[in-house]
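Observations on chain architecture
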Amino acid sequence: MQQEFAAYLTCGRLEHGFLRVRCTQCHAERLVAFSCKRRGFCPSCGARRMVETAALLVDEVLPRQPLRQWVLSVPFPLRFLFATEPAALTAVLGIVYRAISTHLIRKAGLKQSAAQTGAVTLIQRFGSALNLNIHFHLLVLDGVYVRSNDRLEFRRVPPPTKAELDQLLKTITRRVGRHLERRGWLTRDAESSHLSLDREATTLDSLLGHSITYRIALGPRAGQKAFMLQSLPGTLLPQSDQPFLAKADGFSLHAGIASGADERKKVERLCRYITRPPVATGRLSLTTQGQVRYTLKTPYRDGTTHVVFEPLDFIARLAALVPRPRVHLTRYHGVFAPHSRWRAEVTPAGRGKLTAMDLRTPAERHRAMSWAQR
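Parameters at a glance
Residues numbered from 1 in each chain as written. Predicted model: local features only at pLDDT ≥ 70, side-chain atom pairs only at ≥ 80, totals over all residues. Heavy atoms only, no water. Phe/Tyr/Trp six-rings, centres within 6.5 Å; stacked < 30°, edge-to-face > 60°. Helix = DSSP H or I, 4+ residues; strand = E, 2+ residues; numbered from the N terminus. Buried < 20%, exposed > 50% of the residue type's maximum accessible area, 1.4 Å probe, protein only. Lys NZ or Arg CZ within 6 Å of the ring centre and 35° of its normal. Disulfide = S-S within 2.5 Å. 1 Å grid on protein atoms, 1.4 Å probe; cavity = no way out; pocket = protein on both sides within 12 Å on 5 of 7 lines; lining within 4 Å. Points joined across faces, edges and corners; volume = space filled by probe spheres on them. Nonpolar A, V, L, I, M, F, W, Y, C, P; charged D, E, K, R; others polar.

Let's shift gears to the packing of aromatic side chains. Counted under the stated rule, the structure contains six aromatic pairs. Plain terms: the ring middles of Tyr-8 and Phe-41 are 5.4 Å apart, the flat faces sit at 70° to each other, and that makes the pair edge-to-face. Of this pair, Tyr-8 sits in helix α1 (residues 2–10) while Phe-41 sits in the loop between β2 (29–33) and α2 (43–61); the two residues are 33 residues apart in sequence, bridging distant segments of the chain. With centroids separated by 5.2 Å and ring planes inclined at 65°, the aromatic side chains of Tyr-145 and Phe-154 adopt a geometry described as edge-to-face. Judged by its relative accessible area of 6%, Tyr-145 is buried. The class for Phe-154 is buried, based on a relative accessible area of 17%. Here a set of aromatic residues connected by ring pairs shows up, and it is made of Phe-5, Tyr-8 and Phe-41. Stacked on the ring of Tyr-273, the Lys or Arg Arg-276 has its end atom at 4.1 Å from the ring centre.

And the structure:
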């Protein structure tokens, strides 16, 4: 955590290192400062990573087929569990993808042994109020691939109905609860259920918990609700007006955004949206009292448009958004997975093709290993 803040303070500053770039034709020169390349809250590095990831997905991974975004949000306790136990996050994500893929395959009238779909999951860790909100954005093929006459054929399926979303969410919640209970992360009794973490609480755990519940973590007002500004009248959207949304037991599943096979610009905008950095400096400002004011991108239903932090609590919010080391925030499933046999035929860049190294025998690969690999 300390390294994240220290690196951010040196990001883009020439006195901490730069690269001298010279044009070979006009001989113009420019100094390009080194960046911190962190994944937490740096706006510049996050914006560059957003653009690069969106370009990679559109140009090399996602085929020209219909796509649908599935967004799964989880209750507060599971957000804390995912932030502290990466293994639980990976397991739950696998459950979610298997449930969605099984739904698509069955809706296409096929069996899992004969058809496959694919998805790219972007794990977002933040909410619009700079709160810790770990949720899943899955870009799923809006159909399945089947092998026909030695070639892959794509079969599109109709959009999910409200009843199908409700049933799918019930399946996901039941399987997630059963898995977490089996692994010992969740304890149930006759009246309620609660997390069961076999470790001592840390200072970071306190920051995570306060960020998840929209509360102040540090200072004289610690534990109280963060200060919100409501400058618009509240509105309430009826549940009947949201046919692609299902809610149950603190979970929510949304599948209302889809793109056609020829809407590549829309796909790129969607990829940029779900890979965007957590902090938008254009919505960040200081009040006359020295507090940090952050404007929400979309007002809440109760009319809230701004959230105000004390400087120390603002730093605590940023600290809670930093992911743990070696936790991948982009995951590939199904035909997009690294070990999928169909990946090279599906992806535009032919990712996954066999290389000369793959064609060697195990003994040949062992002899070709470098000293560092050994």
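This is not the end of the story, as more comes after the structure.
Here the structure, examined in full by the defined rule, presents zero disulfides. Not part of a disulfide, Cys-23 finds its nearest cysteine sulfur in Cys-26, a span of 3.5 Å. The structure places no disulfide on Cys-45, whose sulfur is separated from the nearest cysteine sulfur, that of Cys-36, by 3.6 Å.

Moving on to empty space enclosed by the protein. Applying the stated criterion across every chain yields a total of one cavity of 30 Å³ or more. Approximately 60 Å³ is the volume attributed to the largest cavity. Together, Phe-82, Ala-83, Pro-86, Leu-89, Ile-123, Arg-125, Ile-134, Arg-324, Val-327 and Leu-329 line the largest cavity. For the lining of the largest cavity, the secondary structure elements donating two or more residues are α3 (76–84), α4 (86–107) and β5 (118–126). Grouping the amino acids of the lining of the largest cavity by side-chain chemistry returns eight nonpolar, no polar and two charged.

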